[in-house]
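# A closer look at the structure
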Amino acid sequence: EKYMEFDLNNQGEIDLMSVKRMMEKLGAPKTHLELKKMISEVTGGVSDTISYQDFVNVMLGKRSAVLKLVMMFEGKANESNPKPSGPPPERDIASLP
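Fair warning: this is a prediction, and the values are worked out from it, not measured in the lab. (Residues numbered from 1 in each chain as written. Predicted model: local features only at pLDDT ≥ 70, side-chain atom pairs only at ≥ 80, totals over all residues. Heavy atoms only, no water.)

## A short note on the overall build of the protein chain
Quick reminder of the rule: Each helix is a run of DSSP H or I of at least 4 residues and each strand a run of E of at least 2, with the numbering of both proceeding from the N terminus. Working definition: with a 1.4 Å probe on protein chains only, accessible area under 20% of the residue-type maximum means buried, over 50% means exposed, and in between means partly exposed. Residue exposure ignores everything except the shown protein chains as possible cover, and the areas themselves are Shrake-Rupley values with a 1.4 Å probe.
Across its full length, the protein chain carries five helices and two strands. Listing every helix and strand of the protein chain by position from the N terminus yields α-β-α-α-β-α-α. Taking all 97 residues of the protein chain together, the buried fraction comes to 22%. Carbon and sulfur atoms provide 57% of the accessible area of the protein chain, an area that totals close to 7700 Å².

Spelled out as structure tokens, the structure:
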């Protein structure tokens with residue numbers, strides 16, 4: 001699902017602008033030079049775009065900092081802080097900060 005979310009051109013590959021958008025969404029924006037270097041590392045310098053197989057290898061690989069960012073991002077999106085129901089408890093002067 002994540003691969004398809006960032007495959008902006010729907011051609012089965014993630015290009016430079018898609019990687020840029022992904023990193024911005026994860027809260028780690030990068031320059032174009034950094035993005036080109038990232039893509040080169042992922043593809044082994046063979047391609048300017050990331051295929052699905054390259055994406056899976058990065059996500060499941062030992063150097064998976066990207067996977068940790070995605071998981072952290074997903075965790076924050078799925079968090080829900082249950083709010084207490086009912087009227088708020090009575091407070092006195094001593095309980096104020």
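## Description of the layout of surface pockets
Counted only if it meets this: Of the two site types, the cavity is a set of points on a 1 Å grid over the protein atoms alone where a 1.4 Å probe fits but cannot get out, and the pocket is an open set with protein on both sides within 12 Å along at least five of seven lines, each lined by residues with an atom within 4 Å of a point. Grid points are joined across faces, edges and corners, and a volume is the space filled by probe spheres set on the points. Here the term charged refers only to Asp, Glu, Lys and Arg, the term nonpolar to Ala, Val, Leu, Ile, Met, Phe, Trp, Tyr, Cys and Pro, and the term polar to all other amino acids, Gly among them.
The space that makes up the second largest pocket amounts to roughly 150 Å³. Together, 10 residues line the second largest pocket, and Glu 1, Tyr 52, Phe 55, Val 56 and Met 59 are the ones closest to its centre. Counting residues per element, the ones that place at least two in the lining of the second largest pocket are helix H1 (2-6) and helix H4 (52-60). No other element matches the five residues that H4 contributes to the lining of the second largest pocket. The residue inventory of the lining of the second largest pocket, partitioned by class, reads eight nonpolar, no polar and two charged.

## Things to note about the environment of Ile 50
Note the cut-off: Note on contacts: a residue pair qualifies if any of its non-hydrogen atoms lie within 4.5 Å across the two residues.
Considering the arrangement of structural elements, one finds Ile 50 in strand S2 (residues 50-51). In this structure Ile 50 comes out as buried when scored by relative accessible area, which is 8%. Put simply, Ile 50 and Tyr 3 are 47 residues apart on the chain and 9.7 Å apart in space, counted from C-alpha to C-alpha. Leave out the neighbours within four places in its chain, and Ile 50 touches Tyr 3, Glu 13, Ile 14, Val 19, Ile 39, Val 42, Thr 43 and Phe 55.

## Concerning the packing of helix H2 (residues 16-25) against helix H3 (residues 32-43)
Keep this limit in mind: Throughout, an axis means a line fitted to C-alpha atoms (over the contacting stretch in the case of helices), and angles, computed between N-to-C directions, take values from 0 to 180 degrees. Each angle gets one of four labels, with under 35 degrees taken as roughly parallel, over 145 as roughly antiparallel, 65 to 115 as roughly perpendicular, and the rest as oblique.
Between H2 and H3, the least distance of the axes is 10 Å, while the angle of their chain directions is 105 degrees. Classified by the interaxial angle, the pair formed by H2 and H3 is roughly perpendicular. The residues of H3 that touch H2, namely those facing Leu 16, Met 17, Val 19, Lys 20 and Met 23, are His 32, Leu 35, Lys 36, Met 38 and Ile 39. In the contact of H2 with H3, the residues fall into seven nonpolar, one polar and two charged.

## Focus on the confidence of the model for the protein chain
Under the convention used in this document: Scored between 0 and 100, pLDDT is the confidence that the predictor attaches to each residue.
For the protein chain, per-residue confidence averages 76 on the pLDDT scale, and residues scoring 70 or more make up 75% of the total. Model confidence for the protein chain, summarised as mean pLDDT per element, is weakest for helix H5 (residues 65-78) at 62 and strongest for H3 at 86.

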